[in-house]
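Observations on the model geometry
Each chain, letter by letter, is given below.
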Amino acid sequence: MSNPAPGWYPAPHANGEQRYWDGSQWQEPTAPALPDASATPAAPTPGARAKGLALAALIVGIIAFLTGLLPVVGAIIGAVAIVLGIIALVKKQSKGLSIPGIILGAVAFITSIAVAAGLTAFMASSPSPVAVESSTPSAIETPPAEPTPFEETEEPVAPLVPRQEFAGSGDMVIDLNVAEPAIVAFICGDCTRNTVVKTNGRESLLVNTIGAYSGSNLINLSEGSVTTQIVVESTGNWTLVVDDVSTAPSVATAASGGGDSVVIFNGTFDTATITNDSGGNFVVKAYGEGNWSPLIVNTIGAYSGTVEMSGPAVVQVNSEGNWSITGQ
């Protein structure tokens, strides 16, 4: 029998390793055995199964759970987590990730919907201001102050809006006629529930709070504005004073106070540093020729900053805490 041609062959004496046959004998250099083409690849283990959607469902479910108290937002994120978890289960991905994601998403969805429903019910049940007819309060006449011996004899300029004082208890409608810019000061020290003061002028709502209140607000700042009625809604004894804008406290460039206030700045400045330490609404409006828009600050919570604001100006501050304004 003739010998095979020279080449690489499985050597019968070397466990199937490839060795070179030179035509007459085996050589020492070897080559790895060729793989069996008929071998079946090993099936992937269960731990190697894809789990991308399942992991995404768990992550989104955690985010939804943390934001569940936010109306609508928590519900949307929760719904996304539920959908991702269901798709992951359909694709037979990890149940250990998919099911917790679905549960967290469902809890967030239900919580968010419940919070939204509760807020809607609360807003719907809040009593809307209703004008209650009552006896017309009588204006309290304020006697003019007697001049001191050292008082200047120059005649003061008559205010455009004469001072009017009213007192009452509970809800009341006050009829009056004010056609010039004025200040409405309202005090109710023993109010315990909703306290509302509103006018039929362009400013409309002046006070809307819960409990006791003491503060001042401007009316008739818009050209042509006229106020002929003020409605008070309260649960306690109150006093209300309508007076000319010129009676407001007057400063040069710096003022500070608490609550709703009206201040006249006589100094000249182009910017102002403003601070507020309350957590509620904080609004500053400046009415003067140098301010193209009266709205200077409109935010919620504590505030500290320097803004464009020109003096002289009549300034309205609405705050639930302590504030300061320093013109520069």
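Keep in mind that this is a model prediction, so the values were computed, not measured.

1. Describing the packing of helix 1 (residues 52–66) against helix 2 (residues 73–90)
The N-to-C vectors of helix 1 and helix 2 enclose an angle of 160°; their axes lie 8 Å apart at closest approach. Taken together, the axis directions place helix 1 and helix 2 in an arrangement best described as roughly antiparallel. For the pair helix 1 and helix 2, the sense of crossing is left-handed. Contacts from L53, A54, A56, A57, V60, G61, I63 and A64 of helix 1 reach helix 2 at G74, I77, G78, V80, A81, L84, G85, I87 and A88. Of the residues belonging to the contact of helix 1 with helix 2, the class tally is 13 nonpolar, four polar and no charged.

2. Concerning the nonpolar core
Membership of the largest hydrophobic core comes to 21 residues, with the highest contact counts inside it found for F186, I230, W238, L240 and V242. Mapped by element, the contributors of at least two residues to this core are strand 5 (172–178), strand 6 (182–188), strand 8 (205–210), strand 9 (213–219), strand 10 (227–233) and strand 11 (237–244). Sequence-distant contacts of V242, defined by excluding residues within four places in its chain, comprise V161, P162, R163, Q164, F166, L176, V178, A182, I183, V184 and I230.

3. As for the environment of G257
With respect to the helices, strands and loops of the structure, G257 is situated in strand 13 (residues 254–258). G257 sits 64 residues away from G321 along the chain, and the two C-alpha atoms are 8.5 Å apart. If near-sequence neighbours (up to four positions away) are discounted, G257 is found in contact with G321, N322 and W323.

4. Topic: unusual backbone geometry
In the segment running from G311 into P312, the intervening peptide bond is cis, with an omega of 5°. Tracing the backbone through its elements, the reader meets P312 in strand 17 (residues 303–318). With a phi close to 70°, V72 is a non-glycine residue in the positive phi region. By the element assignment, V72 lies in the loop between helix 1 and helix 2. Even without being a glycine, S204 presents a positive backbone phi close to 55°. Relative to the assigned elements, S204 resides in the loop between strand 7 (194–199) and strand 8.

5. Let's talk about the pattern of salt bridges
Under the counting rule described, the total for this entry stands at three salt bridges. Across the pair R163 and D243 runs a salt bridge whose closest N-O atoms are separated by 2.8 Å. Taken together, the positions of R163 in the loop between helix 3 (95–125) and strand 4 (164–169) and D243 in strand 11 put the pair 80 residues apart, joining distant regions of the chain. A relative accessible area of 11% places D243 in the buried class. One salt bridge connects E233 with K198, and the closest N-O pair in it is separated by 3.9 Å. One end of the pair, E233, is in strand 10; the other, K198, is in strand 7, with 35 residues separating them in the sequence. With a relative accessible area of 11%, E233 lands in the buried category.

6. A word on the layout of surface pockets
Using a probe with the size of a water molecule, rolled over the atoms, empty space left in the structure can be pinpointed. Of the volumes computed, that of the largest pocket is approximately 790 Å³. What lines the largest pocket is a set of 26 residues, and nearest its centre among them are L205, L206, N217, D260 and N318. Of all the secondary-structure elements, those providing two or more residues to the lining of the largest pocket are strand 8, strand 9, strand 15 (281–287), strand 16 (295–300) and strand 17. Each residue belonging to the lining of the largest pocket can be placed in one class, and the counts come to 11 nonpolar, 11 polar and four charged.

7. Examining the state of the cysteines
In the structure shown here, the tally under the stated rule is one disulfide. Residue pairing for C188: its cysteine sulfur links by disulfide to C191, the two sulfurs lying 1.7 Å apart. Here the S-S torsion is close to 85°, and the disulfide linking C188 with C191 is therefore right-handed. The pair C188 / C191 is uniform in exposure class, with both members buried.

About the thresholds
- Residues numbered from 1 in each chain as written.
- Predicted model: local features only at pLDDT ≥ 70, side-chain atom pairs only at ≥ 80, totals over all residues.
- Heavy atoms only, no water.
- Axes fitted to C-alpha atoms, helices over the stretch in contact; angles between N-to-C directions.
- Helix = DSSP H or I, 4+ residues; strand = E, 2+ residues; numbered from the N terminus.
- Parallel < 35°, antiparallel > 145°, perpendicular 65-115°, else oblique.
- Left-handed = near helix turned anticlockwise from the far one by under 90°.
- Contact = heavy atoms within 4.5 Å.
- Nonpolar A, V, L, I, M, F, W, Y, C, P; charged D, E, K, R; others polar.
- Core = buried A, V, L, I, M, F, W, Y, C linked by side-chain atoms within 4.5 Å.
- Buried < 20%, exposed > 50% of the residue type's maximum accessible area, 1.4 Å probe, protein only.
- Salt bridge = Lys/Arg side-chain N within 4 Å of Asp/Glu carboxyl O.
- 1 Å grid on protein atoms, 1.4 Å probe; cavity = no way out; pocket = protein on both sides within 12 Å on 5 of 7 lines; lining within 4 Å.
- Points joined across faces, edges and corners; volume = space filled by probe spheres on them.
- Disulfide = S-S within 2.5 Å.

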